[in-house]
Amino acid sequence: MNSSYVPEDQRPLLPPGIGPFERHVFVCVTGKTCPLDGSEGVHAEMKSLAKERLGKHRVRINKSGCLGQCGHGPMIAVYPENVWYAHVRVEDVAEIVESHLVRGVPVERLLFRGHRTGNNTLVKE
């Protein structure tokens, strides 16, 4: 057995207000366009690579409902940094995981650009 292994029920408690994950990642898999643009594959790859690189407790990868940016997807939002990625492809996921989730450096070329506060849909809702 690994000497650094700590059973789940013996991990230390966190102070109030501190989240249980370093980052929380939301991948839009609903709405009018993200599902058609491959968001399920992006989510699956992100979840798999993040678990492989960071284990199951550091980062949480979730499917999300519509993020209100239809036509710019697949969309990914990373918290607590509030970094948003647009037009993400399965081929981009390894770079996001390694650069942003592992090293803390957002992937500049995939950042959501040219948007305004609120919904930025390119298709009629």
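Before reading further, recall that the structure is shown in the block above.
Here's what I pulled together on the structure shown here. (Residues numbered from 1 in each chain as written. Predicted model: local features only at pLDDT ≥ 70, side-chain atom pairs only at ≥ 80, totals over all residues. Heavy atoms only, no water.)

As a further point, take the sheet that holds strand β1 (residues 23-28). A sheet is described by the order of its strands in space; here 4 strands give the open sequence β2-β1-β3-β4, paired in mixed fashion. If you trace the sheet from one side to the other, it starts and ends with β2 (59-64) and β4 (83-85), each paired once. Direction aside, the axes of adjacent strands within the sheet are offset by 20 degrees on average. As judged from the 4 bridges shared by β1 and strand β3 (residues 76-79), these two strands associate in the antiparallel manner. Looking across to β3, one finds that Val25 is bridged to Val78. Running at roughly 170 degrees to β2, helix α1 (residues 39-54) makes contact with β1, β2 and β3 of the sheet. (Pairing = 2+ DSSP bridges. Helix = DSSP H or I, 4+ residues; strand = E, 2+ residues; numbered from the N terminus. Axes fitted to C-alpha atoms, helices over the stretch in contact; angles between N-to-C directions. Contact = heavy atoms within 4.5 Å.)

Below, the discussion takes up the pairing of β3. Taken together, the 3 bridges between β3 and β4 define a ladder with antiparallel strand orientation. By the bridge assignment for β4, Ile76 is matched with Tyr85. The loop that links β3 with its antiparallel partner β4 comprises 3 residues; one of these, Asn82, has a positive phi angle of about 60 degrees.

With that out of the way, let us pick up the environment of Val107. Along the chain, Val107 turns up in the segment after α2 (90-102). For the pair formed by Val107 and Val83, sequence separation is 24 residues and the distance between their alpha carbons is 9.6 Å. Ignoring anything within four residues of it in the chain, the contact list for Val107 reads Tyr85, Glu95, Ile96 and Ser99.

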